[in-house]
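Residue-level structure breakdown
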Amino acid sequence: MQKIIKENIAQVNARIAAAAERCGRTPESIQLVAVAKTHPAEAVQAAVAAGATIIGENYIQEARTKFDTLVHLPVQWHFI
(Lines give C-alpha, C1' and ligand atoms only; values in the text may rest on other atoms or scores of the structure.)
Protein backbone atom coordinates (compact mmCIF):
# COMPACT_ATOMS: atom_id res chain seq x y z
CA MET A 1 0.00 0.00 0.00
CA GLN A 2 2.77 2.47 0.91
CA LYS A 3 4.53 2.02 -2.42
CA ILE A 4 1.34 2.60 -4.42
CA ILE A 5 0.45 5.70 -2.42
CA LYS A 6 3.96 7.08 -2.81
CA GLU A 7 3.88 6.49 -6.57
CA ASN A 8 0.43 8.07 -6.89
CA ILE A 9 1.46 11.18 -4.97
CA ALA A 10 4.60 11.51 -7.10
CA GLN A 11 2.49 11.27 -10.28
CA VAL A 12 0.03 13.89 -9.05
CA ASN A 13 2.87 16.22 -8.06
CA ALA A 14 4.41 15.80 -11.52
CA ARG A 15 1.07 16.69 -13.13
CA ILE A 16 0.75 19.72 -10.84
CA ALA A 17 4.25 20.88 -11.80
CA ALA A 18 3.51 20.49 -15.51
CA ALA A 19 0.19 22.34 -15.24
CA ALA A 20 1.79 25.11 -13.19
CA GLU A 21 4.49 25.62 -15.79
CA ARG A 22 1.91 25.78 -18.59
CA CYS A 23 0.09 28.51 -16.68
CA GLY A 24 3.19 30.46 -15.77
CA ARG A 25 2.98 29.57 -12.08
CA THR A 26 5.43 27.87 -9.79
CA PRO A 27 4.52 24.38 -8.56
CA GLU A 28 5.15 25.59 -5.00
CA SER A 29 2.24 28.01 -5.32
CA ILE A 30 -0.18 25.08 -5.60
CA GLN A 31 -1.19 22.97 -2.63
CA LEU A 32 -2.22 19.34 -2.92
CA VAL A 33 -5.02 18.22 -0.61
CA ALA A 34 -4.86 14.44 -0.19
CA VAL A 35 -8.38 13.15 0.42
CA ALA A 36 -8.69 10.62 3.24
CA LYS A 37 -12.40 9.94 2.75
CA THR A 38 -13.15 6.24 3.33
CA HIS A 39 -9.45 5.38 3.69
CA PRO A 40 -7.99 3.97 6.92
CA ALA A 41 -5.53 5.82 9.12
CA GLU A 42 -2.72 3.61 7.79
CA ALA A 43 -3.28 4.96 4.28
CA VAL A 44 -3.21 8.53 5.57
CA GLN A 45 0.02 7.80 7.40
CA ALA A 46 1.52 6.41 4.17
CA ALA A 47 0.42 9.54 2.29
CA VAL A 48 2.08 11.77 4.86
CA ALA A 49 5.25 9.68 4.65
CA ALA A 50 5.13 10.21 0.87
CA GLY A 51 5.00 13.98 1.28
CA ALA A 52 1.33 14.90 1.70
CA THR A 53 0.99 17.71 4.24
CA ILE A 54 -2.67 18.65 3.83
CA ILE A 55 -5.31 15.99 4.41
CA GLY A 56 -8.95 16.47 3.47
CA GLU A 57 -11.73 14.61 5.22
CA ASN A 58 -15.43 14.60 4.42
CA TYR A 59 -17.16 13.25 7.53
CA ILE A 60 -16.44 14.20 11.13
CA GLN A 61 -17.28 10.64 12.21
CA GLU A 62 -14.37 9.30 10.15
CA ALA A 63 -12.12 12.25 10.93
CA ARG A 64 -12.32 11.87 14.72
CA THR A 65 -10.83 8.39 14.65
CA LYS A 66 -8.07 9.50 12.30
CA PHE A 67 -7.36 12.64 14.36
CA ASP A 68 -6.86 10.54 17.48
CA THR A 69 -4.72 7.94 15.71
CA LEU A 70 -2.60 10.39 13.71
CA VAL A 71 -2.28 13.28 16.16
CA HIS A 72 1.53 13.00 16.05
CA LEU A 73 1.76 13.64 12.28
CA PRO A 74 2.70 17.12 10.97
CA VAL A 75 -0.38 17.70 8.80
CA GLN A 76 -3.12 20.25 8.29
CA TRP A 77 -6.64 18.84 8.30
CA HIS A 78 -9.33 20.30 6.06
CA PHE A 79 -12.99 19.47 5.70
CA ILE A 80 -14.05 19.09 2.11
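Numbers given for residues are sequential positions, taken from 1 along each chain in its written order. Confidence filtering applies because this is a predicted model: local features only for residues at pLDDT of at least 70, side-chain atom pairs given and counted only at 80 or more, and all residues used for totals across whole chains, interfaces and linings. Computation of side-chain values covers all heavy atoms of the structure but excludes hydrogens and water.

With respect to the secondary-structure elements, asparagine 13 resides in helix α1 (residues 2-22). Buried residues are those whose accessible area, probed at 1.4 Å on protein chains only, stays under 20% of the maximum for their type, while exposed residues exceed 50% and partly exposed ones sit between those limits. According to the relative accessible area criterion, asparagine 13 is partly exposed, its value standing at 36%. Sequence-wise, asparagine 13 and histidine 39 are 26 residues apart; in three dimensions their C-alpha atoms are separated by 20 Å. Helix numbers and strand numbers start at the N terminus; a helix is a DSSP run of H or I with at least 4 residues, a strand a run of E with at least 2.

Strand pairing is assigned whenever DSSP identifies at least 2 bridges connecting the two strands. With four bridges connecting them, strand β2 (residues 54-57) and strand β3 (residues 76-79) associate as parallel partners. Considered in β3, the bridge of glutamate 57 is made with phenylalanine 79. Crossover handedness is defined here as right-handed if the route from the first strand over the helix to the second strand goes clockwise, with the strands pointing away from the viewer. Once you follow β2 into helix α3 (residues 60-69) and on to β3, the crossover reads as right-handed.

Our focus in this paragraph is the pairing of β2. Because side chains alternate across β2, one face comprises the buried residues Ile54 and Gly56, and the other comprises Ile55 and Glu57, equally buried. Of the pairings in the sheet, the one linking strand β1 (residues 34-35) to β2 comprises two bridges and is parallel in character. Bridge pairing in β2 places alanine 34 opposite isoleucine 55. Traced from β1 through helix α2 (residues 41-49) to β2, the parallel crossover comes out right-handed.

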